[in-house]
Amino acid sequence: MVIPKMATGAADSNGTTAAATRAAFAPSEWGDYFITYDPPLAQRSEEWMREKAEELKQRVQKMFVFEDGSVAGAVALVDTLERLGLEGHFREEIAAAITRIQLAGQESTGFVGGSDAHDLGVTATRFRLLRQHGLWVSTDVFDRFRDGDGNFSASLSSNTDDPRILLSLYNAAHMAVPGDVDAVLDNARWWRDLYDTVNLRYARDRMVEIYFWSCGMIPEEELSRARLMFAKTFGLVSILDDTYDVHATAEECLSLTQAMQRWDESAVPVLPEYLRILYIKTLSTFKEFEDLLEPHEKYRMSYAKKAYQLQAEYYMQEAQWSSDKYRPSFKEHEELCGKSCDLIMLNLVALMGYGASATKELFEWAFAIPDVVRAGTQIGRFLNDISSYKLGKNKKDLPSGVECYMMEKCVTGEEAVAAIATMIEERWRTMNKACMEMDRALLPVAQLVANIARSNEVIYLCGRDGYTFGSHIKDLVTALFLDPIPL
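Conventions we followed
- Residues numbered from 1 in each chain as written.
- Predicted model: local features only at pLDDT ≥ 70, side-chain atom pairs only at ≥ 80, totals over all residues.
- Heavy atoms only, no water.
- Core = buried A, V, L, I, M, F, W, Y, C linked by side-chain atoms within 4.5 Å.
- Buried < 20%, exposed > 50% of the residue type's maximum accessible area, 1.4 Å probe, protein only.
- Helix = DSSP H or I, 4+ residues; strand = E, 2+ residues; numbered from the N terminus.
- Arc of directions from axis to C-beta.
- Contact = heavy atoms within 4.5 Å.
- Axes fitted to C-alpha atoms, helices over the stretch in contact; angles between N-to-C directions.
- Parallel < 35°, antiparallel > 145°, perpendicular 65-115°, else oblique.
- Left-handed = near helix turned anticlockwise from the far one by under 90°.
- Nonpolar A, V, L, I, M, F, W, Y, C, P; charged D, E, K, R; others polar.
- Salt bridge = Lys/Arg side-chain N within 4 Å of Asp/Glu carboxyl O.
- Phe/Tyr/Trp six-rings, centres within 6.5 Å; stacked < 30°, edge-to-face > 60°.
- Lys NZ or Arg CZ within 6 Å of the ring centre and 35° of its normal.
- Polar contact = N/O pair within 3.5 Å; in protein donor to acceptor, adjacent residues only side chain to side chain.

**Q** What is the right way to look at the nonpolar core in this model?
**A** Most often, soluble globular proteins have nonpolar side chains that are buried together. By size, the foremost hydrophobic cluster in this structure holds 116 residues, and its most contacted members are Phe34, Tyr244, Tyr308, Met352 and Phe481. A per-element tally of this core places helix H11 (residues 224–247) first, with 11 residues. Grouped together as the second largest cluster of nonpolar side chains are 28 residues, Ala104, Leu130, Phe145 and Leu169 included.

Now the structure itself:
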């Protein structure tokens, strides 16, 4: 993810909450709504709903038995369940289906043999599913649909008029290479206590949007611990980011960075008065995380803590550039701002909440920022840069990546946006390729990074900024957390 660099107006340099400071960011779209929210009475008892859910799960499990051997049916079922976010209930069945779908292509000279081989929509969806699951599929599977010039055959025109086939092809092209209300309420209450206690009104009040983001990247029910750690850390680092970006003086930024490196309450006196509670809350929240870990998992804290300390250093470097009015090259901007966008740190924090799949080797690998993590980070950074260019940014912010590219290449804003959009596609291809080539034990990190990148695509869709401007995604939040699902 990326914490957007957005605001209007300048802030004062002390701990007071002047009107100009309060105006820097719009207030939360939700206010105390989720704190005082009383969910309506359920249409049925919880016991009835659990029994009904189990009954429906059994019915879906039976759907994985394809008596006619239809690969098209298996492809459609897996795709549907994953689009609905229900794959966590059918992991074994989906794994077996994916293996069968893969073998179907290996057992025939074409794609799946029989009538399915000529179904372009099935071919495209199979291609995407297998690559999403980290399995290599050659683009040769599309050759039978092409003419001598490499274009799709004219005889397919009747098929490609079907929007479902066009959508399958569009989604396949993206695999090219180079919660529930109770949880929202709990997080909202935690955040309100934190936000009111630290009393830094210049910072964005966005816990509902944060939890929406966390559900997009970690949807699995069994990973609630990871969602909690991610959401709370996101909230803390958002305040930290706004402190460096829109409020603190250069001297205050330096003292905050030094305190973060010490990571001990003995550093409190070196901080300005208004930042002391934030610092104490940061230490205590990470201590709470450690208490949630099993004894054999506690080593994970060292990675998360070090990543958070590095985050403060990256913010400090940005603040120094801003203070010096330094104009970085596009490469310099990409290197520093790719790290300061928080994905690397939040990826490690989320992994802390995973189960046995998150091994020490996995943390070592993720901490070293491999290509897949770097590419995911850059996707978020570039999306945010495009948004900042289109919507405007805080006066203290560095030039965005779009502005750096414009100045360096002497091009227009539209040309720079187009060039960076192309870079986003290239980074997706890098991630896709890495996922298919890596050790399977490393996939949890890769899948988490990919989910974060997908969530960023939603938050920053068409240049919007659903985090800084909560109104941009209010309808999505309402649909996910509030609108009832008829039973």
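**Q** Just to check I follow, could you spell out helix H17 (residues 360–367) for this structure?
**A** Counting along an α-helix, one turn takes 3.6 residues, and residues three or four places apart therefore face a common direction. Of the residues making up H17, those classed as buried are Leu362, Phe363 and Ala366. On an axial view of H17, the arc spanned by its buried residues comes to 100°, and they lie on one face. Where the residues of H17 are buried, they touch helix H14 (300–323), helix H16 (343–352) and helix H21 (443–459).

**Q** Help me understand the packing of helix H18 (residues 371–391) against helix H20 (residues 413–437) in this model?
**A** Each pair of packed helices gets described by two things: the angle between the helix axes and the distance between those axes. Where H18 meets H20, the axes come as close as 9 Å, and the angle between the chain directions of the two elements is 160°. For the element pair H18 / H20, the angle class is roughly antiparallel. Crossing hand, H18 versus H20: left-handed. Of the residues assigned to the contact of H18 with H20, the class counts are 16 nonpolar, 4 polar and 3 charged.

**Q** How do you make sense of the packing of H14 against helix H15 (residues 330–340) when you look at a structure like this?
**A** Taken N-terminus to C-terminus, the directions of H14 and H15 make an angle of 140°; their axes are 8 Å apart at the nearest point. Classed by the angle they form, the pair H14 and H15 counts as oblique. Viewed along their axes, H14 and H15 form a crossing whose handedness is left-handed. Contact with H14, carried on its side by Gln311, Tyr314, Tyr315, Gln317, Glu318 and Trp321, involves Glu332, Leu336, Cys337, Lys339 and Ser340 of H15 and no other residues of that element. In terms of residue class, the contact of H14 with H15 is built from 5 nonpolar, 3 polar and 3 charged.

**Q** Where do I start with the pattern of salt bridges in this structure?
**A** Two side chains bearing opposite charge may form a pair once their charged atoms approach each other closely. Under the defined criterion, the tally for this structure stands at 26 salt bridges. Close ionic contact of aspartate 242 with arginine 204 constitutes a salt bridge, the shortest N to O distance being 2.7 Å. Of this pair, aspartate 242 sits in helix H11 while arginine 204 sits in the loop between helix H9 (181–198) and helix H10 (207–217), placing them 38 residues apart in sequence.

**Q** Mind showing me how you'd approach the packing of aromatic side chains here?
**A** The description of two aromatic rings rests on the distance between their centres and on the angle between their planes. For the coordinates displayed, the defined rule picks out 27 aromatic pairs. Of the aromatic side chains, those joined through ring pairs into one cluster are Trp213, Phe230, Phe234, Tyr460 and Tyr467. Its guanidinium or amino end placed over the ring of phenylalanine 25, arginine 204 lies 4.7 Å from that ring's centre, counting from NZ or CZ. The ring of tryptophan 30 is capped by lysine 474, whose NZ or CZ atom sits 5.2 Å from the centre of that ring.

**Q** In this structure, what is going on with unusual backbone geometry? I would like to understand it.
**A** Most peptide bonds take the trans form, and the phi angle of most residues other than glycine is negative. In this structure, tryptophan 263 is a non-glycine residue whose phi angle is positive, near 50°. Locating tryptophan 263 in the fold gives a position in the loop between helix H12 (250–262) and helix H13 (276–292). Phi at aspartate 342 takes a positive value of approximately 85°, unusual for a residue other than glycine. Locating aspartate 342 in the fold gives a position in the loop between H15 and H16.

**Q** Help me understand the side chain of threonine 243, please; the structure alone is not making it clear to me.
**A** Its place among the elements puts threonine 243 in helix H11. Within polar-contact distance, the side chain of threonine 243 engages the side chain of tyrosine 202 at 2.7 Å. In contact with threonine 243, not counting residues within four places along its chain, are Leu200, Tyr202, Ala248, Leu256, Leu275 and Leu278.

**Q** Looking at this structure, I do not really get the environment of tyrosine 405. What am I missing?
**A** As for its placement among the helices and strands, tyrosine 405 is situated in helix H19 (residues 401–409). For tyrosine 405, a relative accessible area of 16% gives the class buried. Counting along the chain gives 11 residues from tyrosine 405 to alanine 416, while the straight-line C-alpha distance between them is 6.0 Å. Aside from chain neighbours lying at most four places away, what touches tyrosine 405 is Phe330, Cys410, Val411, Ala416, Ala419 and Met423.

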